[in-house]
Amino acid sequence: MPVDESRVFRPVRIAVLTVSDTRTPAEDRSGDTLVERLTTAGHILAARDLVTDDAPAIEARLRALIADPLVEVVISTGGTGITRRDVTPEAFRAVFEKEIEGFGELFRWLSYAKIGTSTIQSRAVAGIAGRTLLFAVPGSPSACRDAWDDILKTQLDSRFRPCNFVELMDRF
């Protein structure tokens, strides 16, 4: 996929939110993976937080990040499975104004090549609230790498052609 090097790169301010009942910031390898990738790509880490697998807590943190003018994108990791405690998609959908269905579909399609039918257990979602893009990906470092490397890296690059999310941000 083409990146037009003649265009100016615009760094995006991204918050990373880890959803977990068991991880501490020191043990957050998935969050570390996202932070390393987004900063290496030239983006700005606007915030980093950890919240428990609790829909009201996730929703409250999302609303605070959406209200923050210094946050343009939120990428969460964790809580997207199918167990009783996995409530991240529900919390995200409670704040979405528009859902970006293709993100979850593409994530699962790409994951299928790596993990086969186990990808059906992923409930990765994305959407828009206010002027903020929201992405929820599974909680493993490999899922974070896949989401970033195979989807978000290009869609959050203002030079990517034929289109990208960054060029649409002023119209949200």
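A few points on the structure. Note that the structure is a prediction, hence the values are computed from the model and not measured.

**Quick notes on the pairing of strand β3 (residues 73-77)**
Consideration 1: With five of five residues buried, β3 is to be regarded as a mostly interior element.
Consideration 2: Of the two faces of β3, the one lined by Val 73, Ile 75 and Thr 77 and the one lined by Val 74 and Ser 76 are each fully buried.
Consideration 3: For strand β1 (residues 13-19) and β3, the ladder comprises five bridges, and the chain directions are parallel. Directly across from Ile 14, in β3, lies its bridge partner Val 73.
Consideration 4: Of the pairings in the sheet, the one linking β3 to strand β6 (residues 132-137) comprises five bridges and is parallel in character. Residue pairing across strands places Ser 76 opposite Ala 136, the latter belonging to β6.

**As for the side chain of Gln 155**
Consideration 1: For Gln 155, the location among the structural elements is in helix α5 (residues 141-155).
Consideration 2: Each residue touching Gln 155, except ones within four places of it in the same chain, is listed here: Phe 160, Cys 163, Asn 164, Phe 165 and Val 166.

**Looking at the pattern of salt bridges**
Consideration 1: Throughout the structure, instances matching the rule amount to 17 salt bridges.
Consideration 2: In this structure, Arg 159 and Glu 5 form a salt bridge, with 3.1 Å as the shortest nitrogen-oxygen distance. Of this pair, Arg 159 sits in the segment after α5 while Glu 5 sits in the segment before β1, and the two are 154 residues apart along the sequence.
Consideration 3: Among the residues examined, Arg 159 registers a relative accessible area of 17% and is labelled buried.
Consideration 4: Of the charged contacts, one joins Asp 170 and Arg 131 as a salt bridge, the two residues approaching to 3.6 Å between their closest N and O atoms. One end of the pair, Asp 170, is in the segment after α5; the other, Arg 131, is in the loop between β5 (125-129) and β6, with 39 residues separating them in the sequence.
Consideration 5: Judged by relative accessible area, Arg 131 falls into the partly exposed class, the value being 48%.
Consideration 6: Several salt bridges share partner residues, and in doing so they unite Glu 5, Asp 157 and Arg 159 into one network.

**Focus: the nonpolar core**
In globular proteins that are soluble, nonpolar side chains generally tend to be buried together.
Consideration 1: Within the largest apolar cluster, 27 residues are counted, with the highest numbers of intra-cluster contacts made by Val 73, Phe 103, Leu 133 and Phe 135.
Consideration 2: Take this core: its biggest share by element is six residues, from α5.
Consideration 3: Residues Ala 47, Val 71, Val 87 and Leu 134 belong to the second largest nonpolar core, which totals 19 residues.

**Considering unusual backbone geometry**
Consideration 1: The step from Arg 161 to Pro 162 runs through a cis peptide bond, and the omega angle for that step is 15°.
Consideration 2: Position of Pro 162 relative to the elements: it lies in the segment after α5.

**Re the packing of helix α4 (residues 101-115) against α5**
Consideration 1: α5 packs onto α4 with a crossing angle of 115° between their chain directions and a minimal axis gap of 10 Å. When you trace α4 past α5, the crossing you get is right-handed. On α5, the residues touching Phe 103, Leu 106, Phe 107, Leu 110 and Lys 114 of α4 are Ala 143, Asp 146, Ala 147, Asp 150, Ile 151 and Leu 152.
Consideration 2: Of the residues belonging to the contact of α4 with α5, the class tally is eight nonpolar, no polar and three charged.

**Observations regarding the sheet that holds β5**
Consideration 1: Reading across from one edge, β2-β1-β3-β6-β5-β4 is the order of the six strands in this open sheet, with mixed pairing throughout. Each edge of the sheet is formed by a strand with only one pairing partner; in this case those strands are β2 (44-51) and β4 (98-99).

**Examining the side chain of Ser 76**
Consideration 1: Tracing the backbone shows Ser 76 in strand β3.
Consideration 2: Those residues in contact with Ser 76 that sit more than four places away from it in its chain are Leu 17, Thr 88, Phe 92, Phe 135, Ala 136 and Val 137.

Parameters at a glance
Residues numbered from 1 in each chain as written. Predicted model: local features only at pLDDT ≥ 70, side-chain atom pairs only at ≥ 80, totals over all residues. Heavy atoms only, no water. Buried < 20%, exposed > 50% of the residue type's maximum accessible area, 1.4 Å probe, protein only. Helix = DSSP H or I, 4+ residues; strand = E, 2+ residues; numbered from the N terminus. Pairing = 2+ DSSP bridges. Contact = heavy atoms within 4.5 Å. Salt bridge = Lys/Arg side-chain N within 4 Å of Asp/Glu carboxyl O. Core = buried A, V, L, I, M, F, W, Y, C linked by side-chain atoms within 4.5 Å. Axes fitted to C-alpha atoms, helices over the stretch in contact; angles between N-to-C directions. Left-handed = near helix turned anticlockwise from the far one by under 90°. Nonpolar A, V, L, I, M, F, W, Y, C, P; charged D, E, K, R; others polar.

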